[in-house]
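In case you want the letters, here they are:
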Amino acid sequence: MELYSGHINRLIEELANLPGIGTKSAQRMAFYLINLPQERVERFAHTVLEAREKVQHCKQCCTLTDQELCPVCANDRRDHATIMVVENPRDLAAYEKTGRYEGVYHVLHGAISPMLGIGPGDIKLKELMARLQGDVSEVIIATNSSLEGETTAMYISKLIKPAGVRVTRIASGVPVGGDLEYIDEVTLLRALEGRTEL
Ligand code: ZN
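**Student:** Can you walk me through the pairing of strand β5 (residues 138-141) in this structure?
**Tutor:** In summary, the side chains of a regular strand alternate between the two faces of the sheet. By the alternation rule, side chains of β5 split into E138 and I140 and V139 and I141, which are all buried. Bridge count between strand β3 (residues 79-86) and β5: four bridges; the pairing is parallel. Looking across to β5, one finds that M84 is bridged to I140. With four bridges joining them, β5 and strand β6 (residues 166-169) adopt parallel strand pairing. In the strand pairing of β6, V139 is matched with V167. Considered for its hand, the β-α-β crossover made up of β5, helix α6 (residues 147-160) and β6 is right-handed.

In structure tokens form, the structure reads like this:
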């Protein structure tokens, strides 16, 4: 027996597809949305659509932004010769929150994972290599300390080194398998300061 109407079931299904949302949360959210005034639902739907339409990849670092260049890349006072490579925009935000990193970033949008069938061509590596044609003195690899993050770090290091660019890896101290975004600022800074040559 269907417990809810078809429309409600579809809404619950869509919400349950979101990361970190189980069926129970999806049900709560669905009933909350259904009970909202019409204009609130319209505003919500519009915000989602508009974000999807307007947000693009920064031309330089590939993070998500409303502009051609993100605020970090557009800032002349940043050190554009130092590039920190991170897996996703959330990691970038974690380092920005420390307020102590003066270089720029490169967002890979993922990590190499042979198990999941994600290869070097599936992340923003080509874009990183293109940036190395310019004036770059150091690439800091700040991928997660998971198996995928380490695999990606080794791969990038092998790829970049022949170009004669200094390649470093943030210190471990970042818990194994830990997502960078959940790590406190002191630990992040310590990992950055304790980085080692690859
Ligand atoms: Zn950027």
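Next comes the rest of the write-up.
**Student:** How do you make sense of the coordination of the zinc ion when you look at a structure like this?
**Tutor:** When a metal holds four donors in a tetrahedron, each ideal angle between them is 109.5 degrees; when it holds six in an octahedron, the ideal angles are 90 or 180 degrees. Protein-derived coordination of the zinc ion comes from C58 (SG), C61 (SG), C70 (SG) and C73 (SG), at a distance range of 2.3 Å. Every donor counted, the four donor atoms about the zinc ion form angles of 106 to 118° at the centre, which fits tetrahedral coordination. Sequence spacing of the donor residues for the zinc ion, all on one chain, is C-x2-C-x8-C-x2-C.

**Student:** Explain the packing of helix α4 (residues 89-98) against helix α7 (residues 185-193) here, please?
**Tutor:** Between two packed helices, what matters for the description is the angle formed by their axes and the separation of those axes. Interaxial distance between α4 and α7 falls to 9 Å at its minimum, and their mutual angle equals 95°. Taken together, α4 and α7 sit at an angle that is classed as roughly perpendicular. Residues A94, Y95, K97 and T98 of α4 form the contact with α7, whose own contacting residues are E185, L188, L189, A191 and L192. In terms of residue class, the contact of α4 with α7 is made up of six nonpolar, one polar and two charged.

**Student:** I tried to follow the confidence of the model for the protein on my own but got confused; where do I start?
**Tutor:** Note that predicted coordinates carrying low pLDDT should not be read in detail. Per-residue pLDDT for the protein has a mean of 91; in total, 94% of the residues score no lower than 70. Looking at the elements of the protein, mean pLDDT is at its lowest for α7, recorded as 82, and at its highest for strand β4 (residues 103-107), recorded as 98.

**Student:** Is there a simple way to explain the pattern of salt bridges in this structure?
**Tutor:** Any two side chains of opposite charge can pair, given that their charged atoms come close. Evaluated as defined, the whole model comprises eight salt bridges. For K59, the salt bridge goes to E68, with nearest N and O atoms at 3.6 Å. A relative accessible area of 64% means that K59 is categorised as exposed. We note a salt bridge from R166 to E197, for which the minimum N-O separation is 2.7 Å. Remark: E197 occurs in strand β7 (residues 196-197) and R166 occurs in strand β6; sequence separation between them is 31 residues. We classify R166 as partly exposed; its relative accessible area is 38%. The structure contains a network of salt bridges with shared partners spanning E138, R166, R195 and E197.

**Student:** I would appreciate a short explanation of the environment of I160 in the present structure.
**Tutor:** Topologically, I160 is positioned in helix α6. Taking the C-alpha atoms as reference points, I160 and L132, 28 residues apart in sequence, are found 8.3 Å from one another. Excluding its chain neighbours within four sequence positions, the residues that come into contact with I160 are L128, M129, L132, V139, V165 and V167.

**Student:** Can you walk me through the packing of aromatic side chains in this structure?
**Tutor:** Enumeration over the complete set of coordinates arrives at two aromatic pairs. Between Y4 and F31, the ring centres sit 5.1 Å apart and the planes meet at 70°, which makes this aromatic pair edge-to-face. Pair noted here: Y4 is in the segment before α1 (6-16) and F31 is in helix α2 (residues 23-35), with a separation of 27 residues, a long-range link. Judged by its relative accessible area of 28%, Y4 falls in the partly exposed class. Note on F31: relative accessible area 30%, which makes it partly exposed.

**Student:** Looking at this model, I keep getting lost on the sheet that holds β3. Mind explaining?
**Tutor:** As summarised here, the arrangement of the five strands in space is β4-β3-β5-β6-β7, forming an open sheet in which the pairing is mixed. Each of the sheet's edge strands pairs with one partner strand only, and the pair in question is β4 and β7. Lying on the sheet, α6 is in contact with β3, β5 and β6; it crosses β6 at an angle near 170°.

Basis of the calculations
Residues numbered from 1 in each chain as written. Predicted model: local features only at pLDDT ≥ 70, side-chain atom pairs only at ≥ 80, totals over all residues. Heavy atoms only, no water. Buried < 20%, exposed > 50% of the residue type's maximum accessible area, 1.4 Å probe, protein only. Helix = DSSP H or I, 4+ residues; strand = E, 2+ residues; numbered from the N terminus. Pairing = 2+ DSSP bridges. Right-handed = clockwise from strand over helix to strand, strands pointing away. Donors = N, O, S within 2.8 Å, 3.2 Å for Na, K, Ca; no water. Tetrahedral: all angles 85-135°; square planar, octahedral: opposite > 155°, others 65-115°. Axes fitted to C-alpha atoms, helices over the stretch in contact; angles between N-to-C directions. Parallel < 35°, antiparallel > 145°, perpendicular 65-115°, else oblique. Contact = heavy atoms within 4.5 Å. Nonpolar A, V, L, I, M, F, W, Y, C, P; charged D, E, K, R; others polar. pLDDT = per-residue confidence, 0-100. Salt bridge = Lys/Arg side-chain N within 4 Å of Asp/Glu carboxyl O. Phe/Tyr/Trp six-rings, centres within 6.5 Å; stacked < 30°, edge-to-face > 60°.

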